[in-house]
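Observations on the three-dimensional arrangement
Single-letter residue listing:
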Amino acid sequence: MREKAGRAGGRADRILDAAGGLLVRHGYRKVTVEDVARETGIGKGTVYLHWRTKQQLFEAVLLRESIAYLEELLDELRRDPRTLLPHRLVSSTFLAVARRPVLGAMVAGFTEGTHATRADASLRGHELLIAERFHDLMTRHGLFRADVPNPAFTFGAVTTGFHVHRSEEPMDAAARAESLAHVVRHALEPAVPPGDRELADATSEMIAIIEDLIPPFRKWIYAYERPDEPG
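Residues numbered from 1 in each chain as written. Predicted model: local features only at pLDDT ≥ 70, side-chain atom pairs only at ≥ 80, totals over all residues. Heavy atoms only, no water.

Some details on helix H10 (residues 196-222)
The following threshold applies: Numbering of helices and strands runs from the N terminus; a helix is a DSSP stretch of H or I covering at least four residues, while a strand is a stretch of E covering at least two. What a helix should span is 1.5 Å times the count of its residues minus one. Here's how the labels work: a residue is buried when its accessible area is under 20% of the maximum for its type, exposed when over 50%, partly exposed in between, all with a 1.4 Å probe on protein chains only.
A rise of 1.5 Å per residue sets the reference length of H10, with its 27 residues, at 39 Å; its end C-alpha atoms lie 39 Å apart and thus fit the reference within 8%. What H10 keeps buried is the set Leu-199, Ala-202, Thr-203, Met-206, Ile-207, Ile-209, Ile-210, Leu-213, Ile-214, Phe-217, Trp-220 and Ile-221.

Pasting the structure below:
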């Protein structure tokens, strides 16, 4: 039974690899499940053994890519707690997205329809709880300035804007990340950053948050059996 699951898991990853490549080349709207099956060298019905809809398939693509990024971020946080300073965090994230074409496609809007609404409501609820914990710890540990109105909205709006805006003048990812870091540093962070002990405590909390996020993502990707979607 374990061997069978291993084969299925390998097949699932091959399907996700093919879907991710097609997503980057053509965009979500233009790619069909038939295209993914053909690219993988399997029948369309085999894709549906893993994910019951196109939306679920591409959510799995995005979640798997998100896990890879989160695992990179965990390594960075463990090496250097200063990674959690908002301007460094957004810079690191921006560059990670630039290195990962699937995440870049998602942020740029090519995957419209896959990231706005989760097919699994319980997973979406978990994501919202994680986001709430993140913004709470950033405020509680003094990583965000106390006088910033609606810091969660402001932080999200600023970072999303830098991902989707395209400059008329050529700018590489490093230059855009530097500009984003500058804005976040001066708009959202206190003049004096938290001390080493406070930052270490905040980083430990952040690591725990990420570690709580990854298992439900991975379980959803490879669970193969989905509850009926709401009508």
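Structure's up, so let's keep going.
Observations regarding the packing of aromatic side chains
Quick note on the threshold: To pair, rings of Phe, Tyr and Trp, with the six-membered ring standing in for Trp, must have centres within 6.5 Å; the planes then decide the type, stacked if under 30 degrees apart, edge-to-face if over 60, and tilted in the middle. Over a ring means this: the NZ of a Lys or the CZ of an Arg is within 6 Å of the ring centre and within 35 degrees of the ring normal.
Throughout the structure, instances matching the rule amount to three aromatic pairs. Note on Tyr-28 and Phe-58: the rings are 5.4 Å apart at their centroids and 90° apart in plane angle, and the pair reads as edge-to-face. Of this pair, Tyr-28 sits in the loop between helix H1 (2-26) and helix H2 (33-40) while Phe-58 sits in helix H4 (residues 54-79), and the two are 30 residues apart along the sequence. The class of Tyr-28 is buried, set by a relative accessible area of 11%. Linked through ring pairs, Phe-134, Phe-144 and Phe-155 together constitute an aromatic cluster. Its guanidinium or amino end placed over the ring of Tyr-28, Lys-54 lies 4.3 Å from that ring's centre, counting from NZ or CZ.

Description of the nonpolar core
To keep it simple, the criterion reads: Remark: nonpolar core denotes a set of buried residues (Ala, Val, Leu, Ile, Met, Phe, Trp, Tyr, Cys) joined through side-chain atoms within 4.5 Å. For this analysis, residues touch if any pair of their heavy atoms sits within 4.5 Å.
Grouped together as the largest cluster of nonpolar side chains are 60 residues, with contacts concentrated most on Leu-57, Phe-58 and Leu-84. Counting only elements with at least two residues in this core, the list comes to H1, H2, H4, helix H5 (86-99), helix H6 (101-108), helix H7 (121-140), helix H9 (173-188) and H10. Per element, the largest residue contribution to this core is 12 residues, and it comes from H4. When residues no more than four places from it in sequence are discounted, the contact partners of Leu-84 are Leu-77, Leu-89, Leu-137, Met-138, Leu-143, Leu-199, Ala-202, Thr-203 and Met-206.

Details of the pattern of salt bridges
Here is the rule: Salt-bridge detection follows one rule: a side-chain nitrogen of Lys or Arg within 4 Å of a carboxyl oxygen of Asp or Glu.
Under the counting rule described, the total for this entry stands at 18 salt bridges. Notably, a salt bridge pairs Arg-25 with Glu-39, separated by 3.3 Å at the nearest N-O pair. Of the two residues, Arg-25 sits in helix H1 while Glu-39 sits in helix H2, which places them 14 residues apart along the sequence. Here Arg-140 and Asp-136 are joined by a salt bridge, their closest N and O atoms 2.8 Å apart. Remark: Asp-136 and Arg-140 occur in helix H7; sequence separation between them is four residues, near one turn of the helix. Assessed through its relative accessible area of 45%, Arg-140 is described here as partly exposed. Accessibility expressed as a relative area gives 40% for Asp-136, which makes it partly exposed. Counted as one network, the salt bridges with shared partners bring together Glu-65, Glu-72, Arg-99 and Arg-100.

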